[in-house]
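Reading the structure
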Protein chains: 2
Amino acid sequence: MTTFTVSAADMEPIALGGAFLGTGGGGDPHIGKLMARAAIEQYGPVRVIDAEEVSDDALCVPVAMMGAPTVMVEKLPRGDEAREALTQLETFLGRKADALICIEAGGLNSTIPFAVAAATGLPLIDGDGMGRAFPELQMVSFTMHGVAATPMVIADEKGNSSVINTISNQWTEKLARAQTVEMGGAALVAIYPMQGARMKKGILRNTLSLIKEVGETIATERAQNRNPAEALIARLDGRRLFTARVVDIERRTTGGFARGKAILKGVDADQGRSFSVEFQNEFLIARDGEGTALATTPDLICALDADGGLPITTEQLRYGLALSFIGMPSDPQWRTKAGLDLVGPRYFGYDQDFVPLEQLTKAA
Amino acid sequence: MTTFTVSAADMEPIALGGAFLGTGGGGDPHIGKLMARAAIEQYGPVRVIDAEEVSDDALCVPVAMMGAPTVMVEKLPRGDEAREALTQLETFLGRKADALICIEAGGLNSTIPFAVAAATGLPLIDGDGMGRAFPELQMVSFTMHGVAATPMVIADEKGNSSVINTISNQWTEKLARAQTVEMGGAALVAIYPMQGARMKKGILRNTLSLIKEVGETIATERAQNRNPAEALIARLDGRRLFTARVVDIERRTTGGFARGKAILKGVDADQGRSFSVEFQNEFLIARDGEGTALATTPDLICALDADGGLPITTEQLRYGLALSFIGMPSDPQWRTKAGLDLVGPRYFGYDQDFVPLEQLTKAA
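All of these numbers come straight from a predicted model, not from anything done at the bench. (Residues numbered from 1 in each chain as written. Chains lettered and ligands numbered in written order. Predicted model: local features only at pLDDT ≥ 70, side-chain atom pairs only at ≥ 80, totals over all residues. Heavy atoms only, no water.)

Here the focus is a nonpolar patch on the surface. On the surface, F92 and L93 of chain A together with F92 and L93 of chain B cluster together to form a nonpolar patch covering roughly 290 Å² of accessible area. Elements with a contribution of two residues or more to the nonpolar patch: helix 4 (81-93) of chain A together with helix 4 (81-93) of chain B. Its location among the elements puts L93 of chain B in helix 4. (Patch = residues over 30% accessible without salt bridge, like charges linked within 9 Å, V, L, I, M, F, W, Y side chains within 5 Å. Areas by Shrake-Rupley, 256 points an atom, 1.4 Å probe, with all protein chains shown as cover. Salt bridge = Lys/Arg side-chain N within 4 Å of Asp/Glu carboxyl O. Helix = DSSP H or I, 4+ residues; strand = E, 2+ residues; numbered from the N terminus.)

Dropping the structure here:
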């Protein structure tokens, strides 16, 4: 992989790819795209660099939005909270950041770091901590590599902020989540400050390139009036899960998360069958009408509008919408014991072990 | 007033006076007394200085416990969290503290600062921010004088902490309260860092001397087998409210507070009458059986065990306990519009205006 630059126009496929790999969550990347475009137009393009280009003693900092995507849709960031969070973290550490990181290669957090990178002139590293979106702070590859989430800074659009120091990344999640809820359900964070050497061990590589490519694939397919599902499955080693229409949707925003469940009736090849998908910000488990799992976290469950072919987030789910669901294998790190302890089905309260998507879909 | 030193033995009357002026809340000073005694025995006596002895550019810092007293009874502080919070605040400010302050002259927070003062060798200023105990962070005279609660540090016994910066003292309360709840319901804080000049304008003077004197009065009276109520009323310009026995008590620990209500039946001179007291950590309103207020916040409502004469905190209320309730006028600052906006009956959700204790008891 080599360094590449990202223009304002490039934010279009990046937001599209980010929405897809957001697995239904992570917030609508559209808002972050607008922020990133404005910042790039004002300050110039963003440089995305390969992890190997970063020196071992460089200070690398992920910047991200934290909270319920349902809230972010209505509570727009002012635009400079993430940069403010970064600045405060730099002040606390007594040192300037050398490079930025995307905490998750999906949703709003796949676009917001571009806005901060443009505004600060810092390069963004080609990679992320999830290879998708996940709902909680500790759910990053960095946790598996012993990187501490703190000191971190959390800031809201009103001007409130905290520097948090904790004894574990799970405690970071607890304390930062409570702040997020008080701050109105969404906040911006600068977190997991780490040296280049540790970043290189923990980061999931080249996922920003991947996001851009996914977005370009979706755009190209749609331009030719094809649903991008088939091309994406081929590119991402994915599996077709089902095509179905939403017949019931329940959702609640509790504890700073958008949680819920959708019931769907099959259409086209899946006519006559039933399905369900459950989510906590992101899609976590997809089942058939008998309750048999078709795909579970940490494998990716992504949805495309069956008609238009655009990625659909959980907050866009509504009665009558027809969707193509696609499953994709997660990064091998997530399928280890340590990975499944952090993000496996049991962590989220489902009474079942993780079975790789490839086996589940073969059985079905 | 002059400087005086506080020995380990002096902590006995200070804890006793602090329990009385804690108006039923602020946590049992006993725990703080044990911490202070141990610290004084290890490091030497504490110097309590008059506010005028502090230079205008000195850094003065209140240290305190935050949370539900009901929790503190079971979740003992490790002993050095408050000092740790102070050290972190000093690091953040890039400056050492010159003097410590009691945030409230009542409950646990009237004794804990002595432990920190002994351990750090810093003097403690003779005064506090309430002249009693109150349940929320912004409820201090300093708020009325424009002193910001932040930057503040909040720390728990496990090793988690946050540096909080907010746009108002009400926001500090919201964000720090959420952290307190996540930290298990109680935490230690270093807060309201202020220069000597502002301290002198805002602090309620000589309340540590008063606490000690109140404690000594209680001890002297009890030693002579007298209930201290009468002597305290004379010394503090207080009013006898009623003597009654608890016949019903409801309590709940919600949002980091110990809330509840006690129903009492009069004894002795009040035989045949009914009363009630409501509390949020502290006693906030006392009424007769017809619901007519006898005393309301911010005036002080204090309870003594009718038999033994010891101060009783809300968490010690239990069925059958007979209590002497005493009212005392609050500091004149609390009776202003600004003061009542912060701590008047309407702030706590009672549908009535503040009427000074002197008028209420004259009417009764």
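There's plenty left to go through after this.
Residues and elements named next belong to chain A. Overall, antiparallel pairing links the seven strands, which are arranged 15-14-13-12-11-17-16 in an open sheet. Each of the sheet's edge strands pairs with one partner strand only, and the pair in question is strand 15 (293-296) and strand 16 (300-305). Within the sheet, the average angular offset between the axes of one strand and its neighbour, ignoring direction, is 30°. Relative to strand 12 (residues 257-266), strand 11 (residues 239-254) runs antiparallel, the two being bridged by ten bridges. Its bridge partner being in strand 12, R245 is matched across the sheet by K265. (Pairing = 2+ DSSP bridges. Axes fitted to C-alpha atoms, helices over the stretch in contact; angles between N-to-C directions.)

On to the domain arrangement of chain A, then. All names here are of chain A. Split into domains, chain A comes out as domain 1 (4-207) and domain 2 (227-363). Measuring from the centre of the C-alpha atoms in domain 1 to the corresponding centre in domain 2 gives 25 Å. Taken together, the contact pairs 38 residues of domain 1 with 37 residues of domain 2. Between domain 1 and domain 2, the buried area comes to about 2900 Å², and carbon and sulfur atoms account for 68% of it. There are zero salt bridges connecting domain 1 and domain 2. Applying the counting rule to domain 1 against domain 2 returns ten residue pairs in polar contact (both at pLDDT 80 or more). Sorting the residues of the side of domain 1 that touches domain 2 by element identifies helix 1 (11-21), helix 3 (69-74), helix 6 (141-144) and helix 7 (169-182) as the ones contributing at least two each. Residues belonging to the side of domain 1 that touches domain 2 are distributed by class as follows: 17 nonpolar, 16 polar and five charged. (Domains from an automatic or database assignment. Contact = heavy atoms within 4.5 Å. Buried area = accessible area lost by both parts, 1.4 Å probe. Polar contact = N/O pair within 3.5 Å; in protein donor to acceptor, adjacent residues only side chain to side chain. Nonpolar A, V, L, I, M, F, W, Y, C, P; charged D, E, K, R; others polar.)

Residues and elements named next belong to chain A. Judged by which residues are buried, strand 4 (residues 99-102) turns out to be covered on both faces: A99 and I101 on one side and L100 and C102 on the other are all buried. Of the strand pairs in this sheet, strand 3 (residues 59-67) and strand 4 are connected by four bridges, and their pairing is parallel. When the sheet's bridge partners are listed, C60 is paired in strand 4 with A99. Pairing of strand 4 with strand 5 (residues 124-128) involves two bridges; the strand directions are parallel. Bridge assignment links L100 to a residue of strand 5, and that residue is L124. In this view, the connection linking strand 4 to its parallel neighbour strand 5 by way of helix 5 (residues 112-120) has right-handed handedness. (Buried < 20%, exposed > 50% of the residue type's maximum accessible area, 1.4 Å probe, protein only. Right-handed = clockwise from strand over helix to strand, strands pointing away.)

This part covers the pattern of salt bridges. Across all of its chains, the model carries 46 salt bridges over all chains by this definition. A salt bridge links R226 of chain B to E221 of chain B, with the nearest nitrogen and oxygen atoms 2.8 Å apart. A residue is classified by how much of its surface remains accessible, and E221 of chain B, at 12% relative accessible area, is buried. One salt bridge connects R273 of chain B with D270 of chain B, and the closest N-O pair in it is separated by 3.6 Å. Overall, D270 of chain B belongs to the buried group, its relative accessible area being 4%. Where salt bridges share partners, they join E12, K33 and R37 of chain A into one cluster.

Looking now at helix 10 (residues 229-236) of chain B. All names here are of chain B. Along helix 10, the positions that sit buried rather than exposed are A229, L232 and L236. Take helix 10 and look down its axis: the buried residues cluster within an arc of 65°, on one side only. In helix 10, the exposed positions angled more than 90 degrees off the buried face are occupied by E230 and A234. Within two residues after helix 10, D237 carries a phi angle of roughly 55°, on the positive side. (Arc of directions from axis to C-beta.)

Core analysis: the largest hydrophobic core is formed by 109 residues, its most contacted members being F20 and F114 of chain A together with F20 and F114 of chain B. Sequence-distant contacts of F20 of chain B, that is, excluding residues within four places in its chain, are made with V214, I218, L232, L236, C302, L304, P311, I326 and M328 of chain B. Counting residues in each nonpolar core, the second largest holds 86 residues, with A58 and I103 of chain A together with I154 and I191 of chain B among its members. (Core = buried A, V, L, I, M, F, W, Y, C linked by side-chain atoms within 4.5 Å.)

Okay, the pairing of strand 12 of chain A next. All names here are of chain A. A loop of two residues connects strand 11 with strand 12, the two strands running antiparallel in sequence, and G255 in this loop sits at a positive phi of about 60°. With seven bridges joining them, strand 12 and strand 13 (residues 274-280) adopt antiparallel strand pairing. What sits directly across from I263, in strand 13, is S276.

Attention now moves to the packing of helix 4 of chain A against helix 5 of chain A. The angle between the axes and the distance between the axes are what describe a pair of packed helices. All names here are of chain A. Between helix 4 and helix 5, the shortest axis-to-axis distance is 9 Å and the interhelical angle comes to 65°. Note that helix 4 runs across helix 5; the crossing there is right-handed. Packed against helix 4, whose contacting residues are A82, R83 and L86, the element helix 5 presents I112, V116, A119 and T120 at the interface. Among the residues making up the contact of helix 4 with helix 5, the classes are represented as five nonpolar, one polar and one charged. (Left-handed = near helix turned anticlockwise from the far one by under 90°.)

Every contact between the two is made by 19 residues of chain A and, on the other side, 19 residues of chain B. Both faces combined, the contact of chain A with chain B buries some 1700 Å², and carbon together with sulfur accounts for 55% of it. In terms of surface lost to chain B, no three residues of chain A exceed N160, L175 and E182 of chain A, which account for 30% of the buried area on that side. Linking chain A with chain B are two salt bridges, by the criterion used here. The salt bridge partner of E182 of chain B is K174 of chain A, with a shortest N-O separation of 3.7 Å. Across the chain A-chain B interface, the total number found is seven residue pairs in polar contact (both at pLDDT 80 or more). Counting residues per element, the ones that place at least two in the side of chain A that touches chain B are strand 7 (161-165) and helix 7 of chain A. When residues in the side of chain A that touches chain B are grouped by element, the largest group, six residues, is from helix 7 of chain A. Its residues assigned to classes, the side of chain A that touches chain B comprises eight nonpolar, seven polar and four charged. Bridge analysis of strand 7 of chain A against strand 7 (residues 161-165) of chain B gives five bridges, and the strand direction is antiparallel.

Residue and element names in this part refer to chain A. In this model helix 4 runs 18 Å from its N-terminal to its C-terminal C-alpha over 13 residues, within 8% of the 18 Å that 1.5 Å per residue would give. E81, A82, A85, L86, Q88, L89 and E90 are the residues of helix 4 that are buried. Just downstream of helix 4 lies G94, where phi reads positive at about 70°. (Expected span 1.5 Å × (residues − 1).)

As a further point, take the sheet that holds strand 13 (residues 274-280) of chain B. Picture the strands of a sheet paired through backbone hydrogen bonds; they go either parallel or antiparallel. All names here are of chain B. Within the open sheet, the seven strands sit side by side as 15-14-13-12-11-17-16. Their pairing is antiparallel. Whereas interior strands pair on both sides, the edge strands pair on one side only; in this sheet they are strand 15 (293-296) and strand 16 (300-305). Here the strands of the sheet are splayed against their neighbours by 30° on average, with no regard to which way each runs. Direction of pairing for strand 14 (residues 282-288) relative to strand 15: antiparallel, over a ladder of three bridges. Each bridged residue has a counterpart across the sheet, and for A286 the counterpart in strand 15 is A295.

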